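In case you want the letters, here they are:
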Amino acid sequence: MNREALLKPTEIKAGKSLIKDIAIPASIAALQVKLQELDFQTGFFVLWQIDAISWGKWESGQLHFSKAVPRDGLLLEVRGFNDNEELHLLKQGGSFQGRYRKDGEGAESEYIDSASRFWGRKTESQECAEGFMRLVDSDRKLQMLLPVVDEDAEYYALETRSYVGINEKTAQAGYVDYRFKAILPVFVKGDAR
């Protein structure tokens, strides 16, 4: 994606979107099997755990992380996403429950795309595995390891897609679901690029 992606005005767009309910055992192994069954394309992953947040990527039928694979017992929530699809699961007891959403097929839908910048600036780090980068916000004492999406950018944003629908009880329009879509490079005014 180019830097103009963050400057686009917000607008409602129409398309199609398919939703499937998903239930699997709460483990990385079961997650990988389900992704292969869904024919999930290359994308990003974020795993919320009791003690950390881990970002990774799905490539060539495998999950890759910058550090060790997160432990199954610590997992709370999972989001795997790319431009066309997202798998979103929450831990409930000993299983993951959630949904898979794929755009381009299924029922008619309306949506709005937007992006929010991650805290922190990309910094050089010897600790990062190949294909990952470290964002650091020194003032807030925060840091995060993300998959690299553009070597030249210093800042990055998370693009989301929010789906518009009608509440059956109140007949009011609003967001009925949202999904992560992409990690975008952000270029600030004055960048040479």
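Quick note: structure is the one above.
Figured I'd write up the structure that's included with this text. Just so we're clear, the structure is a prediction, and the values are computed from it rather than from any experiment.

What about the environment of Ala 157?
One can find Ala 157 in strand E12 (residues 155-166). Linking Ala 157 and Trp 119, residues 38 residues apart in sequence, is a C-alpha distance of 8.7 Å.

A few points about the pairing of strand E3 (residues 53-59)
Within E3, 5 of the 7 residues are buried, which leaves the element mostly enclosed by the surrounding structure. Where strand E2 (residues 43-49) meets E3, 6 bridges bridge the pair, whose relative direction is antiparallel. What sits directly across from Val 46, in E3, is Trp 55. The loop that links E2 with its antiparallel partner E3 comprises 3 residues. Summarising the sheet, E3 and strand E4 (residues 62-65) pair through 4 bridges and their orientation is antiparallel. Looking across to E4, one finds that Glu 59 is bridged to Gln 62. Hairpin connection of E3 to E4: 2 residues between the antiparallel strands, including Ser 60 at a positive phi of 50 degrees.

Rules and cut-offs
- Note on numbering: residues in each chain are counted from 1, in written sequence order.
- Local features in this predicted model are restricted to residues whose pLDDT is 70 or higher, and side-chain atom pairs enter the listing and the counts only when it is 80 or higher, whereas totals over whole chains, interfaces and linings include all residues.
- With hydrogens and water set aside, each side-chain value is computed from the structure's full complement of heavy atoms.
- In this description a helix means any DSSP run of H or I spanning at least four residues, a strand means any run of E spanning at least two, and both kinds are numbered starting from the N terminus.
- Accessible area is worked out with a 1.4 Å probe on protein chains only. A residue is then buried under 20% of its type maximum, exposed over 50%, and partly exposed in between.
- Two strands pair if DSSP finds at least two bridges between them.

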